[in-house]
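# Structural characterization, general
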Amino acid sequence: MNDAGLAVSLTFGGRFVHGPGCALPLVLRHLLETCRTVEEALGRLRTLSLAIPQNVTLVDPNRTVTVYVGPDIPLTETPVSCAAHHQHLPVPDEQERATRTQARPAAVQAAGVDVAAMLRPPLYQCAYDAWHAWLGTVYTAQYRPAEGRVTYHWPGESWEHSFAGFSPGSRTVTLGLVDENDDR
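This text gives an overview of the structure that appears in the document.

Conventions adopted
Residues numbered from 1 in each chain as written. Predicted model: local features only at pLDDT ≥ 70, side-chain atom pairs only at ≥ 80, totals over all residues. Heavy atoms only, no water. Buried < 20%, exposed > 50% of the residue type's maximum accessible area, 1.4 Å probe, protein only. Helix = DSSP H or I, 4+ residues; strand = E, 2+ residues; numbered from the N terminus. Pairing = 2+ DSSP bridges. Core = buried A, V, L, I, M, F, W, Y, C linked by side-chain atoms within 4.5 Å. Contact = heavy atoms within 4.5 Å. Polar contact = N/O pair within 3.5 Å; in protein donor to acceptor, adjacent residues only side chain to side chain. Axes fitted to C-alpha atoms, helices over the stretch in contact; angles between N-to-C directions. Parallel < 35°, antiparallel > 145°, perpendicular 65-115°, else oblique. Left-handed = near helix turned anticlockwise from the far one by under 90°. Nonpolar A, V, L, I, M, F, W, Y, C, P; charged D, E, K, R; others polar. Salt bridge = Lys/Arg side-chain N within 4 Å of Asp/Glu carboxyl O.

## A short note on the pairing of strand β3 (residues 64-70)
For β3, a buried count of six out of seven residues is recorded, marking the element as mostly surrounded by other parts of the structure. Where strand β2 (residues 54-59) and β3 come together, six bridges link them in antiparallel fashion. Of the residues in β3, the one forming a bridge with Q54 is V69. The pairing of β3 with strand β4 (residues 73-78) spans four bridges and is antiparallel. By the bridge assignment for β4, G70 is matched with I73.

## Section: the nonpolar core
L24, L31, L45, V56, L58 and V67 are the most contacted members of the largest nonpolar core, which totals 17 residues. Elements represented by at least two residues in this core include exactly α1 (24-34), α2 (38-45), β2 and β3. Not counting the four nearest positions on each side in its chain, L31 is found in contact with L6, A41, R44, L45 and L58. If you look at the next biggest cluster of nonpolar residues, it comprises six residues, including A107, V108, M118 and L123.

## Digging into the environment of R149
Position of R149 among the secondary structure elements: in strand β6 (residues 149-154). Considering only alpha carbons, one finds R149 and H161, twelve residues apart in sequence, at a separation of 5.7 Å. The residues touching R149, leaving out its near neighbours within four places in the chain, are M1, Q142, Y143, R144, E160, H161 and S162. Here E147 takes part through its side chain, which lies 2.4 Å from a polar atom of the side chain of R149.

## Section: the side chain of T151
Tracing the sequence through the fold places T151 in strand β6. We classify T151 as buried; its relative accessible area is 5%. Engagement of the side chain of T151 in a polar contact is seen with the side chain of E160, the distance being 3.3 Å. Discounting chain neighbours no more than four positions away, the residues touching T151 are T140, A141, Q142, R144, S158, W159 and E160.

## Regarding the packing of α1 against α2
Contact pair α1 / α2: the axes reach a minimum separation of 10 Å and the direction vectors enclose 140°. In terms of their interaxial angle, α1 and α2 are classed as oblique. By crossing handedness, the relation of α1 to α2 is classed as right-handed. Contacts between α1 and α2 pair L24, V27, H30, L31 and T34 from the former with E40, A41, R44 and L45 from the latter. The class makeup of the residues in the contact of α1 with α2 is five nonpolar, two polar and two charged.

## Brief notes about the pattern of salt bridges
The final tally for this structure, using the stated rule, is seven salt bridges. As a salt-bridge pair, R29 and E33 come within 2.8 Å of each other at their nearest N and O atoms. Here R29 and its partner E33 are both found in helix α1, four residues apart, which amounts to about one turn of the helix. One salt bridge connects E39 with R63, and the closest N-O pair in it is separated by 2.0 Å. Of the two residues, E39 sits in helix α2 while R63 sits in the loop between β2 and β3, which places them 24 residues apart along the sequence. Of the residues examined, E39 reaches a relative accessible area of 48% and is grouped as partly exposed. A network of salt bridges, in which partner residues are shared, links E39, R46, R63 and E77.

Distances and angles like these do not, on their own, reveal function.
The structure is reproduced here in structure tokens:
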């Protein structure tokens, strides 16, 4: 989040494709350093080639939008204002079983602004094993750009930051704990 009230976040796009283009974490940093609004950030994103499918949620005090981007698709706006490792395109059956990318949009819509729902399967994943070891969820972020606040959430823990009351610090979070409600 920047001091103008623009917040950006990314999640994996749910598809295993790649192509020429920029790494999105660097692009998001650029957006935060050069843009003040969702509209400005969208305009900039439309001009860039991105290397892998990602979902980008952009929030300012007046607008929230999530877009799908990738090397094989144009920037596509979605009606949902959050993202969780999914895109609108089909994936091979084996990938769907591992990632549940098509099950996730319905879960996001059902969750709405319920952060607790974001910390349960199928939205929160603890699968750090085998070939998809890197698909686990690290955290969920809840942005409030008009207030200059963000809260990071993990199961059983949260950590709030704000421009008005920022305190440097660190957290140690154990990832990969088995969730008995996860059917994998």
